[in-house]
Amino acid sequence: MKFGLWFEPEMISPDSDLYRAHPDWCLHVGDRKPALGRHQLVLDMSRKDVRDYLEKTISSIILESGLDYIKWDFNRCPSDVASASLPADKQLEVSHRFYLGLYELLERLVTKFPHVLFESCSGGGGRFDPGMLHYMPQTWTSDNTDALSRIAIQLGTSVVYPPSAMSCHVSASPNHQIGRMTTLSMRGDVAMAGTFGYELDLNKLSSSEIEEIKSQVDLYKSIRDVVQFGSFYRLETPLSAGSTESSSYGAWQYVSRDKKRSVITVAWSYAEANAEYVLIKPRGLEEGAAYAIHCPPGRIPPLPEGTEVSVGELMYCGLRLTNQPGYGGSLMLLLEKA
């Protein structure tokens, strides 16, 4: 177990020693009273003195506490975007200078502390961009952690970003954003689509849930290399491009670089009466080979455990899967080259 902290270095509270000492260090327009958001103001990252202060402060925290991980959040949208350090004819450059300054600070920190994993946050500041990924290899994909919502969120994100960049966590049920209840197995299956983790109170879980979480962690460790470094395929999305008709499920697949292993996940977003079977056609497998089909422990496989199926049948005929009842149905298949 390693140690990490979650904080917002670019924010400042008016009720702080830093603000009282340097009120000009926040974004503000002349003598106008700046607007608060979440009881905060935004530090002016275009200023070198601000960046120097942050580097010194963050470096001290890392060294004193032995941090291995930092969640760099940004929850408050900038307003009053002006800088006391620039003349009037340069004020329209503040937003651009802000981000150049942020990148310059991050360059200093990641160079000084190459062992620290920095994670950016899309849920707060919406900063899921290549600039931030240059310094922070993973990003909190969304503050909406509901497993059903995450099917579309993560499949949409994967159009641009690799699974290794998406932070995906199992959270509590009922979900604290929308109140929906989903099974722990589905929350685990959906969260394993990226960098897997948990954010819930373990003290509130039953003994059986604790055991299931142990099994999920062991499963993810066994497939992590395929998920994070294999080829990724979107087999079915809840809403196909150019279509107004939504599907009741999402499906995605990972194939290892040597094509010896594959992971397929199918997650149902809603139930249908008298639902038809779902037909899944895997992709990216080795032509002419056969694959043994396995299910994680405790799951009911679509075929007898370990059944070997030819690639021709898998990729061109497909696997027929039973539609899962109710909310929160999911299925994971593990394919191993025979």
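Residues numbered from 1 in each chain as written. Predicted model: local features only at pLDDT ≥ 70, side-chain atom pairs only at ≥ 80, totals over all residues. Heavy atoms only, no water.

Visitor: Can you break down the packing of helix H2 (residues 48-65) against helix H3 (residues 94-112) residue by residue, with the values?
Guide: Direction vectors running N to C along H2 and H3 enclose 30°, while the axes themselves pass 10 Å from each other. With respect to H3, the element H2 is oriented roughly parallel. In terms of crossing hand, the pair formed by H2 and H3 is right-handed. Contacts between H2 and H3 involve Lys48, Arg51, Asp52, Leu54, Glu55, Ile58 and Ser59 from the former and Gly101, Glu104, Leu105, Arg108, Leu109 and Lys112 from the latter. Taken together, the residues that form the contact of H2 with H3 break down as four nonpolar, two polar and seven charged. (Axes fitted to C-alpha atoms, helices over the stretch in contact; angles between N-to-C directions. Helix = DSSP H or I, 4+ residues; strand = E, 2+ residues; numbered from the N terminus. Parallel < 35°, antiparallel > 145°, perpendicular 65-115°, else oblique. Left-handed = near helix turned anticlockwise from the far one by under 90°. Contact = heavy atoms within 4.5 Å. Nonpolar A, V, L, I, M, F, W, Y, C, P; charged D, E, K, R; others polar.)

Visitor: Outline empty space enclosed by the protein, supporting the account with residue identities and numerical values.
Guide: Picture a little ball the size of a water molecule; that probe, rolled over the atoms, points out where space is still empty. Considering all chains together, one arrives at two cavities of 30 Å³ or more under this definition. Considering the residues around the largest cavity, the lining is formed by Thr145, Ala147, Arg150, Gln154, Cys168, His169, Arg187, Val190 and Ala191. Secondary-structure elements contributing two or more residues to the lining of the largest cavity are helix H6 (147-157), strand E7 (166-171) and helix H7 (184-191). Here the lining of the largest cavity is composed, by residue class, of four nonpolar, three polar and two charged. In this structure, the second largest cavity encloses a volume near 40 Å³. In this structure, the second largest cavity is lined by Ile151, Gln154, Leu155, Ser158, Met166, Ala193, Phe232, Trp252 and Tyr254. Sorting the residues of the lining of the second largest cavity by element identifies H6 and strand E10 (249-255) as the ones contributing at least two each. Considered class by class, the residues forming the lining of the second largest cavity number seven nonpolar, two polar and no charged. (1 Å grid on protein atoms, 1.4 Å probe; cavity = no way out; pocket = protein on both sides within 12 Å on 5 of 7 lines; lining within 4 Å. Points joined across faces, edges and corners; volume = space filled by probe spheres on them.)

Visitor: Help me get a handle on H3, residues and values and all.
Guide: Its 19 residues place the ends of H3 27 Å apart at the C-alpha level, agreeing with the 27 Å of an ideal helix rising 1.5 Å per residue. Listing the buried residues of H3 in full gives Val94, Phe98, Gly101, Leu102, Leu105, Leu106, Arg108 and Leu109. Buried residues in H3, looked at end-on, bunch into an arc of 155°, giving them a common side. Exposed side of H3, more than 90 degrees from the buried face: His96 and Thr111 are the residues found there. As for H3, its buried residues are in contact with strand E3 (41-42), H2, strand E4 (69-72), strand E5 (117-121) and helix H5 (130-133). (Expected span 1.5 Å × (residues − 1). Buried < 20%, exposed > 50% of the residue type's maximum accessible area, 1.4 Å probe, protein only. Arc of directions from axis to C-beta.)

Visitor: An account of unusual backbone geometry is needed here, citing residue identities and associated values.
Guide: The linkage connecting Ser173 with the following residue, Pro174, adopts the cis geometry, with an omega of 5°. By the element assignment, Pro174 lies in the loop between E7 and H7. One non-glycine residue with positive phi stands out, namely His39, at about 65°. Note on placement: His39 falls in the loop between helix H1 (17-21) and E3. Relative accessible area serves as the criterion here: at 68%, His39 is assigned to the exposed category. In this model, Lys259 sits at a positive phi of 65°, which is unusual for a non-glycine residue. Relative to the helices and strands, Lys259 is located in the loop between E10 and strand E11 (261-268). The class for Lys259 is partly exposed, based on a relative accessible area of 35%.

Visitor: So what's going on with a nonpolar patch on the surface? Residues and values would help.
Guide: A grouping of Phe3, Leu5 and Ile61 is seen on the molecular surface, where their side chains present a nonpolar patch of about 230 Å² in accessible area. With respect to the helices and strands, Phe3 occurs in the segment before strand E1 (4-7). (Patch = residues over 30% accessible without salt bridge, like charges linked within 9 Å, V, L, I, M, F, W, Y side chains within 5 Å. Areas by Shrake-Rupley, 256 points an atom, 1.4 Å probe, with all protein chains shown as cover. Salt bridge = Lys/Arg side-chain N within 4 Å of Asp/Glu carboxyl O.)

Visitor: Got a sec to walk through the nonpolar core? Specific residues and values, please.
Guide: The biggest cluster of nonpolar side chains holds 33 residues, and the ones touching the most others in it are Ile58, Ile70 and Trp72. At the level of secondary structure, the elements contributing two or more residues to this core comprise strand E2 (11-12), H1, E3, H2, E4 and H3. A per-element tally of this core places H3 first, with six residues. Judged by nonpolar contacts, the second largest core, of 29 residues, contains Leu155, Ala193, Val226 and Met332. (Core = buried A, V, L, I, M, F, W, Y, C linked by side-chain atoms within 4.5 Å.)

Visitor: Tell me about the sheet that holds E10, residues and numbers included.
Guide: Here we have six strands laid out as an open sheet, ordered E9-E10-E11-E16-E13-E14, and antiparallel in their pairing. The open sheet has two edge strands, strand E9 (231-236) and strand E14 (307-310), and neither has a second partner. Direction aside, neighbouring strands of the sheet carry axes that sit 25° apart on average. Examined bridge by bridge, E9 and E10 share five bridges and lie antiparallel to one another. Directly across from Phe232, in E10, lies its bridge partner Tyr254. Lying on the sheet, H6 is in contact with E9, E10 and E11; it crosses E10 at an angle near 50°. The strands touched by helix H8 (residues 207-229) within the sheet are E9, E10, E11 and strand E16 (330-337), with E11 carrying the most contacts at an inclination of about 100°. (Pairing = 2+ DSSP bridges.)

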